[in-house]
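# Tertiary structure, described
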Amino acid sequence: MSITVLEPGPLTTVQDAGRIGYAAQGYRSCGAVDSYAYRLGNALVGNPAGTAVLECTLRGVTLRFETDTVFALTGAESPAALDGAPAAYYAPLLARAGSVLRMGTAASGLRSYLAVGGGIATPPVLGSRSTDLKCRIGGLAGRKLAKDDFLPTGSCNTRELWEKITARSLNRPIHDSLVCHGTHPVRAEGAKKLPLLRAVAGPQQAVFTDKALHDFTHSIYTLTPDCDRMACRLAGPIIETVRGSDILSDGIAAGSVQVSTNGQPIVMLADHQTTGGYAKIATVISADLPMLAQLRPGQSICFTFVTPLQAVQAARRQAELLHAVAARLD
């Protein structure tokens with residue numbers, strides 16, 4: 001079972017749930033930036049948790065399925081066609097051997113995901129197939145995909161899987177926005193509704209003034225052009241510190257909100273470094289990072305503080321939505 005890449009798009013990589021347990025050796029976790037869309041794609045095609053997929057940025061990939069394959073598209077919706085016929089998002093679809101899938105540019109959102117039955121089966125490195133572009137490990141030789149690349153896919157009884165899907169009428173797109181995108185709050189600012197990122201208190205809150213904490217949760221911040229898989233640099237009101245934001249380097253997690261020396265926040269994403277020397281005012285909860293993963297430079301967000309219990313409850317709610325989708329094929 002395999003796939004041939006005909007056109008790779010600007011940045012398409014192999015990603016899974018991340019390279020866990022190697023931060024002490026300096027390896028970043030990487031993995032899908034929009035973890036919800038990633039997990040939903042795997043649930044739609046009946047893959048186990050942690051199976052590798054393709055992550056496309058802004059514009060999707062064009063590829064040829066070399067064998068019969070069940071696949072699903074999630075995340076940022078772009079015009080997609082299978083052998084010239086429209087291919088729906090949020091539904092398992094069947095591609096016959098030789099079929100060509102073409103994905104266009106997303107009208108909104110940033111990252112699209114392609115999950116296939118059996119998963120992308122490139123060799124795992126340190127327990128993960130995720131591509132680390134900086135260390136050049138994982139995925140396909142540690143790099144983004146290129147024209148004529150050949151991707152092996154994992155073992156899957158495609159006929160049996162597709163018969164199960166059609167017998168249960170599961171080959172119809174999911175139209176429930178809550179299931180497709182997860183639960184994400186917004187804040188009304190006049191006529192606009194801005195994405196509201198929930199965050200727990202950071203480990204260096206004592207570094208920041210009371211005014212800084214107020215400004216952080218009552219201001220609007222805009223994504224700058226300096227955003228990638230590693231982090232999103234934001235621009236907005238300066239976040240004050242008592243005596244500067246430099247600290248002795250300590251651990252970084254996905255969602256950590258560092259405040260640089262210019263007083264602007266930086267939210268860490270999947271390819272974040274393992275340690276950092278800027279004070280962290282907050283950590284965006286895992287349930288809201290997928291929303292940030294789909295925003296583009298120029299879009300605005302705001303923050304609010306929640307308790308660790310509320311963070312856990314939000315993660316559980318998203319897990320319940322995903323479990324309900326996966327359970328349909330059990």
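Residues numbered from 1 in each chain as written. Predicted model: local features only at pLDDT ≥ 70, side-chain atom pairs only at ≥ 80, totals over all residues. Heavy atoms only, no water.

### A short note on the packing of aromatic side chains
One pass over the full model with this rule turns up five aromatic pairs. Between tyrosine 89 and tyrosine 90, the ring centres sit 6.2 Å apart and the planes meet at 55°, which makes this aromatic pair tilted. Across the pair, exposure class does not vary: tyrosine 89 and tyrosine 90 are buried alike. Plain terms: the ring middles of tyrosine 221 and phenylalanine 303 are 6.2 Å apart, the flat faces sit at 65° to each other, and that makes the pair edge-to-face. Placement of the pair is tyrosine 221 in strand 14 (residues 221-227) and phenylalanine 303 in strand 21 (residues 300-305), with a sequence separation of 82 residues. Per residue, the accessibility class of tyrosine 221 equals that of phenylalanine 303, and both read buried. These aromatic residues form a ring-pair network of at least three members: Phe216, Tyr221, Phe303 and Phe305. (Phe/Tyr/Trp six-rings, centres within 6.5 Å; stacked < 30°, edge-to-face > 60°. Buried < 20%, exposed > 50% of the residue type's maximum accessible area, 1.4 Å probe, protein only. Helix = DSSP H or I, 4+ residues; strand = E, 2+ residues; numbered from the N terminus.)

### A few points about unusual backbone geometry
The phi torsion at leucine 58 lies on the positive side, around 65°, for a residue other than glycine. If you trace the backbone, leucine 58 turns up in the loop between strand 3 (53-57) and strand 4 (62-65). Here leucine 58 falls in the partly exposed class, since its relative accessible area comes to 35%.

Taken by themselves, the reported measurements are silent on function.
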